[in-house]
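Below, each chain spelled out in residue letters.
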Amino acid sequence: MESAEALLRSEGYYQPVLEDIVEGEERPVAIVSVQPGRRFVLAEPAIQWVAPEPTPDVIQTTRDQLDLESGEPGRAADVIAAEGRIIASLTEQGYPDAAVQPRRVVVDHAAFTVAPTYRIASGQLVRLDGVRLETAGPTNPAWVAALAPWRVGDRYDPEQVAELERRLLETGVYDGVNVALTPPDQVLADGTRPVVVTLTDRPRRIVEAGATFSTADGSGIEGLWTYYNRFGRADTLRFQLRLADIDSRLGADLSLPHWLRPGQTLALGTAVVNEDTDAYRRTAGVLSADIRQRIGKTSWFSYGVGLDAGLYDENRFDPLTQAPLAITRDLAILTARGSAYLDQSNDPLNPTTGWRASLNVQPTAVTGEDTLLFLRAEAQLTGYIPLQDEAKTVAAGRIRLGSILGGDELTIPADRLFYSGGGGSVRGYEYQGVAPRLPDNTPRGGLSLFEVSAEIRRDLGRNFGAVAFVDAGAIGFNEAPDFSNLRYAVGVGARYNLSFGPIRADIAFPLDKRDGDADFQIYVSIGQAF
């Protein structure tokens with residue numbers, strides 16, 4: 001009966017009538033008779049400030065955050081939660097040392113009211129000094145200090161402190177990052193308090209090796225040698241050697257996060273590449289430089305330049321003679337490129353609501369045995385709609401469009417044409433397998449691209465899920481997308497959800513299989529298909 005009374009009081013029933021009743025003789029049953037009585041309601045809540053008081057505008061803002069209205073049920077949980085909102089509001093307004101004193105709640109049995117009075121010690125308004133790096137290591141303290149999103153003397157803002165932590169974490173070179181305000185007893189002479197940063201470095205050098213096998217994309221082996229923080233500014237220097245059926249390369253790339261400004265990354269790369277696809281073979285030297293600027297937490301835009309120079313051995317199609325051609329030519333290709341990615345979804349690997357959009361534009365100049373200018377543009381939009389509570393079932397969709405303006409199918413380098421087919425586009429077809437084929441079964445690249453996908457994703461519980469999907473795609477030979485030669489595929493898949501995202505396994509079947517197409521394709525990877 002004591003538990004029942006405590007439960008009723010927590011819900012605002014302070015005058016219940018409880019009675020123990022025993023019914024039955026042979027098999028007696030204990031019953032608690034409950035008459036809850038009238039429910040008490042909230043009276044006007046009050047806040048008593050322990051000196052020093054915060055400024056009047058802070059007091060008003062904090063009171064607005066109480067979210068307690070006179071006349072509402074006097075629930076204990078609501079009274080306690082309001083106290084937490086007071087502290088959160090003070091912290092957001094520059095009072096991180098705010099603390100609660102024992103509150104006083106008066107229950108008036110005559111007026112049937114519950115009147116809470118909160119006693120709050122806000123502490124002093126905190127203004128920030130710079131950043132103090134307290135761990136020894138290769139990271140330059142001046143570089144860390146430059147990442148702070150505040151100026152000396154600015155009011156403490158927990159979101160700014162969290163942003164500094166995010167900026168350090170997103171570099172990917174630290175196993176642990178801790179960013180915290182110094183204790184109240186470490187106030188500097190000018191009244192400011194520093195922010196202390198402690199970093200746990202990843203191993204400075206990492207050697208990795210791997211092997212891949214795919215019926216659609218070929219097989220290969222790869223070795224990576226990565227050097228972290230070589231220049232003391234959370235940089236990543238990586239050397240790569242890959243021997244594969246389709247894309248072999250020897251190269252190096254350097255990533256400099258927060259270059260010149262926070263959130264901006266400079267990526268430099270160089271490689272010798274040998275591509276051997278059904279549509280073309282390319283042996284070239286590649287140089288690139290790109291700058292990426294983060295927008296918010298997961299969106300970004302980038303711009304840069306790339307230079308490719310090498311030998312192109314291409315199987316092409318002559319639109320005039322309707323005959324296949326074998327072309328070998330030396331080309332140098334200079335590409336300016338700009339990209340943008342907007343992410344309004346709720347999860348990077350397993351989204352259940354929201355949308356994503358990407359755009360890629362590449363003005364390109366070609367010289368060598370052919371000379372031309374063209375513009376390659378590509379856009380993609382994906383969306384996610386939960387069909388049930390807690391996203392047990394999710395509908396997901398994707399549409400992708402591409403077009404090349406200027407030049408023609410025969411003169412544009414084969415690696416810049418559009419192809420479709422494979423795990424990232426139209427499942428059920430092999431890599432480059434959607435486009436029409438030449439008489440020798442070589443995929444024919446095109447000047448435009450259209451792809452669309454739809455999935456129903458179902459959570460089966462206990463970390464498992466299932467997916468049913470349909471994909472379609474078409475390659476066109478004019479600047480505008482061509483929908484007359486769409487190819488379709490359907491499939492099902494299984495998901496096993498880990499803490500960081502799902503492992504997916506899909507099997508897809510082409511609906512209009514041609515000679516040379518496999519009966520099905522299997523795909524295994526981490527994360528959803530889109």
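In what follows, the structure referred to is the one given above.
Fair warning: this is a prediction, and the values are worked out from it, not measured in the lab.

Procedures and definitions
Numbers given for residues are sequential positions, taken from 1 along each chain in its written order. Local features in a predicted model are, by the rule used here, given only for residues with pLDDT of at least 70; side-chain atom pairs are given and counted only at 80 or more, and totals for whole chains, interfaces and linings are based on all residues. For the side-chain quantities, the full set of heavy atoms in the structure was used; hydrogens and water were omitted. Strands are runs of DSSP state E lasting at least 2 residues, helices are runs of H or I lasting at least 4, and numbering of each runs from the N terminus. Atoms counted for the radius of gyration: C-alpha only. Globule rule: 2.2 Å times residue count to the power 0.38. The classification of residues rests on relative accessible area computed with a 1.4 Å probe and restricted to protein chains. Under 20% of the type maximum is buried, over 50% is exposed, and intermediate values are partly exposed. Residues count as neighbours in contact if any of their non-hydrogen atoms are within 4.5 Å of one another. A 1.4 Å probe and the Shrake-Rupley method give the accessible areas. Residues count as covered only by the protein chains that appear here. Charge counting follows a simple rule: Lys and Arg are positive, Asp and Glu are negative, and His as well as the terminal groups are ignored. For this document, the term salt bridge refers to a Lys or Arg side-chain nitrogen within 4 Å of an Asp or Glu carboxyl oxygen. Two aromatic rings, drawn from Phe, Tyr or Trp (for Trp, its six-membered ring), form a pair once their centres lie within 6.5 Å of each other, and the interplanar angle then sorts them: stacked below 30 degrees, edge-to-face above 60, tilted otherwise. Think of it as a cone above the ring: NZ of Lys or CZ of Arg counts as a charge over the ring if it is within 6 Å of the ring centre and within 35 degrees of the ring normal. Here, strands pair whenever DSSP counts at least two bridges between them. Interaxial angles span 0 to 180 degrees and are taken between N-to-C directions of axes, which are lines fitted to C-alpha atoms, for helices over the stretch in contact. The patch calculation keeps residues exceeding 30% relative accessible area without a salt bridge and links them within 9 Å when they carry like charges or within 5 Å when they are nonpolar (Val, Leu, Ile, Met, Phe, Trp, Tyr).

Visitor: Tell me what's going on with the overall build of the chain, and back it up with residues and numbers.
Guide: Broken down by element type, the chain carries five helices and 25 strands. The globule rule puts the C-alpha radius of gyration for 530 residues at 24 Å, and the 32 Å found for the chain is more than 25% above it. Along the longest, intermediate and shortest principal axes, the C-alpha atoms of the chain span 100 × 75 × 40 Å. In the chain, which comprises 530 residues, the proportion classed as buried is 41%. Contacts in the chain between residues far apart in sequence, at least 24 positions, make up 56% of those at least 6 positions apart. By element, 56% of the accessible surface of the chain is carried by carbon and sulfur atoms, the whole surface being about 26700 Å².

Visitor: Talk me through the side chain of D129; I want residue IDs and the actual numbers.
Guide: Locating D129 in the fold gives a position in strand β7 (residues 127-133). Despite its burial, D129 pairs with no opposite charge; the closest candidate is R132, at 6.6 Å N-O. Every residue in contact with D129, bar those within four places of it in the chain, is listed here: W150, V152, L188, T192, R193 and P194.

Visitor: Tell me what's going on with the environment of A365, and back it up with residues and numbers.
Guide: Considering the arrangement of structural elements, one finds A365 in strand β18 (residues 354-368). Remark: the alpha-carbon pair of A365 and T335, spanning 30 residues in sequence, is separated by 6.4 Å. Non-local contacts of A365, meaning those with residues more than four positions away in its chain, are made with A332, I333, L334, L372 and L373.

Visitor: Give a description of the packing of aromatic side chains that names residues and reports values.
Guide: Two numbers describe a pair of aromatic rings. These are the distance of the centres and the angle of the planes. The tally for this structure, following the rule as stated, stands at nine aromatic pairs. The interplanar angle of 55° and the centroid separation of 6.3 Å between the aromatic rings of F509 and F520 together place this pair among those described as tilted. Here F520 lies in the loop between β24 (502-510) and β25 (521-526) and F509 lies in strand β24, a separation of 11 residues in the sequence. Following the ring pairs from residue to residue traces out a cluster consisting of Y14, F40 and F112. The ring of F477 has R444 sitting right over it, with the charged end atom 3.5 Å from the ring centre. Lying over the aromatic face of F530, R457 brings its terminal NZ or CZ to 5.2 Å of the ring centre.

Visitor: I'd love a proper account of the sheet that holds strand β9 (residues 192-201), names of residues and values included.
Guide: Strand order in this open sheet of three strands is β7-β9-β8, and the pairing throughout is mixed. The open sheet has two edge strands, β7 and β8 (174-181), and neither has a second partner. Each strand of the sheet is rotated relative to its neighbour by a mean of 20°, with strand direction disregarded. For β7 and β9, the ladder comprises five bridges, and the chain directions are parallel. Of the residues in β9, the one forming a bridge with V131 is V195. Sitting on the sheet, helix α5 (residues 158-169) touches β7, β8 and β9, and the angle it makes with β8 is about 165°.

Visitor: Residue-level account of a nonpolar patch on the surface, with values.
Guide: A contiguous nonpolar patch, built from L460, F464, Y496, L498, F500, I503, F509, F520, I522, V524 and I526 and spanning about 1000 Å² of accessible area, is present on the exposed surface. Top contributing element to the nonpolar patch by residue count: β25, with three residues. Structurally, I522 can be placed in strand β25.

Visitor: Residue-level account of the pairing of strand β13 (residues 247-256), with values.
Guide: Summarising the sheet, strand β12 (residues 236-244) and β13 pair through seven bridges and their orientation is antiparallel. Looking across to β13, one finds that R238 is bridged to D253. Hairpin remark: β12 followed by β13, antiparallel, with two residues in the connecting loop. By the bridge criterion, 10 bridges tie β13 to strand β14 (residues 264-276) in an arrangement that is antiparallel. Paired with S248 across the strands is N274, a residue of β14.

Visitor: Outline unusual backbone geometry, listing residues and values.
Guide: Put simply, A51 and P52 share a cis peptide bond, and its omega is 5°. Structurally, the position occupied by P52 is in the loop between β4 (46-50) and α2 (56-64). The phi torsion at L260 lies on the positive side, around 70°, for a residue other than glycine. Within the secondary structure layout, L260 lies in the loop between β13 and β14. The backbone of Q432 sits at a positive phi, close to 65°, despite the residue not being glycine. With respect to the secondary-structure elements, Q432 resides in the loop between β20 (393-405) and β21 (448-461).

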